[in-house]
Structures are given as C-alpha cells and as structure tokens.
Amino acid sequence: LDYQGFLARALEAEWRGRQQRGIDLRLRMARFPWLKTLEQFDFDCQPSLDRTVMRELAGLSFVGRAENVVLLGPPGVGKTHLAIALGIKAVDAGSSVLFLTLETLMSRLIRARQENRLERMLQQLTYPRLLILDELGYLPLSREEASLFFRLLVRRYERGSLIVTSNKGFADWGDVFNDPVLATAILDRLLHHATTLNIKGESYRLREKK
Ligand code: ADP
Ligand code: MG
C-alpha cells in the first residue's frame, strides 16, 4: 500500500467503527423489548397489510417530516414487531429512537408530576426523533393520564414522529381516554400528519400454535 491508500483505509476503518458505535449506542438507548426486523416479517401471512405503504414507511421519510404512524389491529398481528422494525431502521439511519409501552409512559409521567419534574420529563420525551408508544388501549386511562398524554402530543406535534400501536379502533378512543372531547383533540393532533395501517388478519401467535 502507498501512503494514500493506507490513509484511505485507516480513515475508512475509523469511520465505520464510529458509525457502528453510534448505531449500537442508539440501539441501547431505544430500549426495544426485543429485536425484530422488517426482513423477518412475513407479509404473506398478513394480506390485509399494504406492502407498498410499509415499503414507503421503511424509507423513513415520515421521520424526516416529523409525521406519525398508527398501527391498529387485534392482538398478535405484528403491530409491535412492525413498530420495532421501523425503529431499528431509524436507528440505522442515524435517528434517536425511544420505545415505551403506554403503561411505562404513564407511570413515568405520573411519577414526574408527583415529584414536581413533569416539565423536565416532557422535555426529555421530545428529544427522540422517533417515539414509539406501544399498546394504547389495553388499559383505560384516567382523566389525569389522558391529559398528560395530550400534553406530550402537543409538545411533539410537528417536531418529532410517533408510532402508536393500539388494539382499539379510533371509534373506541373516547373510552380509552375516558373523555370524548380530549380523545378528539388527541386524534386531531395525532392524525393531522399520519399514516394509519389497519391490520385485520389473525394472530400470528395462534397461527404458530395451530
Ligand atoms: P401485536 O403487537 O400485534 O400483538 P406482535 O408484534 O407482538 O403482535 O407479534 C406477536 C409475535 O408474532 C411476535 O413474536 C412477532 O415477531 C410475530 N409475528 C407477528 N406477525 C408476524 C409476521 N407476519 N411475520 C413474522 N412474525 C410475526
Ligand atoms: Mg404488541
């Protein structure tokens, strides 16, 4: 190798290393409960899912535009899998991601409010470029929780992306948030710039059992 060739190789190795360390760090910070990729998702099992839309989402322009994604469907159809897979894509592409179940989000917000640091907590939750909120709808929220959720949404609105998964259709969100007026305001912010995917198939877990 001549000097130039050597330098090019050394720099490339250094750059790759940094890239990889960045990905590893962001992956740890994202707190995914498990890792599943889009390549591991079997689209043939889920004919109701529009592949073209998924491919478009995998290109991540929604993250660049601070738009949202809502994944709706019954248990086991792959909502969490797809949310994590999109999250991993975003991590690879250099974005900060945070995964939270709705339950964890709520306990954090409630505790922060009790300890007089709600403002700081809301601020922290606006930092990730992509925030994934999993399992909205399994547990109904109190009025206080619903209003905290709304405040978070207002903070992130047009600043960062959200992926929300839910087993409940939008018509039932009034019950989930215990307040139809607040639910309408939440849906208004969430859906203004959003892609909604309605997954209708049967549970992949049960299919595996069969
Ligand atoms: P949901 O969040 O909708 O309840 P999950 O995403 O947790 O469902 O999916 C349940 C399990 O089945 C996960 O292990 C997931 O990886 C797997 N799974 C679901 N759908 C598919 C699919 N179409 N191809 C491959 N694995 C799938
Ligand atoms: Mg799930």
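Please refer to the structure higher up on the page.
This is a predicted model, so every value here is computed, not measured.

**Student:** Even after reading the chapter, I still don't get the site of ligand 1, so can you show me in this structure?
**Tutor:** Lys 36, Gly 76, Lys 79, Thr 80 and His 81 are the nearest of the 15 residues found near ligand 1. Separating an oxygen atom of ligand 1 from a side-chain N or O atom of Arg 205 is a distance of 3.1 Å. Look at ligand 1: alone it shows 560 Å² of surface, and the protein chains cover 90% of it. Among the detected pockets, ligand 1 sits in the largest pocket. When contributions to the shell around ligand 1 are tallied by element, the ones reaching two or more residues are helix H4 (79–92) and helix H10 (204–209). No other element matches the 3 residues that H4 contributes to the shell around ligand 1. The residue inventory of the shell around ligand 1, partitioned by class, reads 6 nonpolar, 5 polar and 4 charged.

**Student:** What is the right way to read helix H7 (residues 143–156) from this model?
**Tutor:** Helical geometry note: an α-helix holds 3.6 residues per turn, so side chains three or four residues apart project in the same direction. Over its 14 residues, H7 runs 20 Å from end to end, which matches the ideal 20 Å to within 8%, given 1.5 Å per residue. Buried residues of H7: Glu 145, Ala 146, Leu 148, Phe 149, Phe 150, Leu 152, Leu 153, Arg 155 and Arg 156, and no others. Summarising the contacts, the buried residues of H7 are in contact with helix H5 (102–114), helix H6 (118–124), strand S3 (130–136), strand S4 (161–166) and helix H9 (180–192). Positioned one or two residues after H7, Glu 158 has a phi angle of 60°, which is positive.

**Student:** I would appreciate a short explanation of empty space enclosed by the protein in the present structure.
**Tutor:** Gaps left between atoms show up when a probe the size of a water molecule is rolled over them. Taken as a whole and judged by the stated rule, the model has 1 cavity of 30 Å³ or more. Put simply, the largest cavity is a space of about 90 Å³. In this structure, the largest cavity is lined by Ala 66, Asn 68, Leu 153, Arg 156, Tyr 157, Glu 158, Gly 160, Leu 162, Arg 189, Leu 190 and His 193. Of all the elements in the fold, those that place two or more residues in the lining of the largest cavity are H7 and H9. A per-class count over the lining of the largest cavity returns 5 nonpolar, 3 polar and 3 charged.

Here is what the cut-offs are and how they apply
- Residues numbered from 1 in each chain as written.
- Chains lettered and ligands numbered in written order.
- Predicted model: local features only at pLDDT ≥ 70, side-chain atom pairs only at ≥ 80, totals over all residues.
- Heavy atoms only, no water.
- Near = heavy atom within 4 Å.
- Polar contact = N/O pair within 3.5 Å; in protein donor to acceptor, adjacent residues only side chain to side chain.
- Areas by Shrake-Rupley, 256 points an atom, 1.4 Å probe, with all protein chains shown as cover.
- 1 Å grid on protein atoms, 1.4 Å probe; cavity = no way out; pocket = protein on both sides within 12 Å on 5 of 7 lines; lining within 4 Å.
- Sits in = over half its atoms within 2 Å of the grid points.
- Helix = DSSP H or I, 4+ residues; strand = E, 2+ residues; numbered from the N terminus.
- Nonpolar A, V, L, I, M, F, W, Y, C, P; charged D, E, K, R; others polar.
- Expected span 1.5 Å × (residues − 1).
- Buried < 20%, exposed > 50% of the residue type's maximum accessible area, 1.4 Å probe, protein only.
- Contact = heavy atoms within 4.5 Å.
- Points joined across faces, edges and corners; volume = space filled by probe spheres on them.

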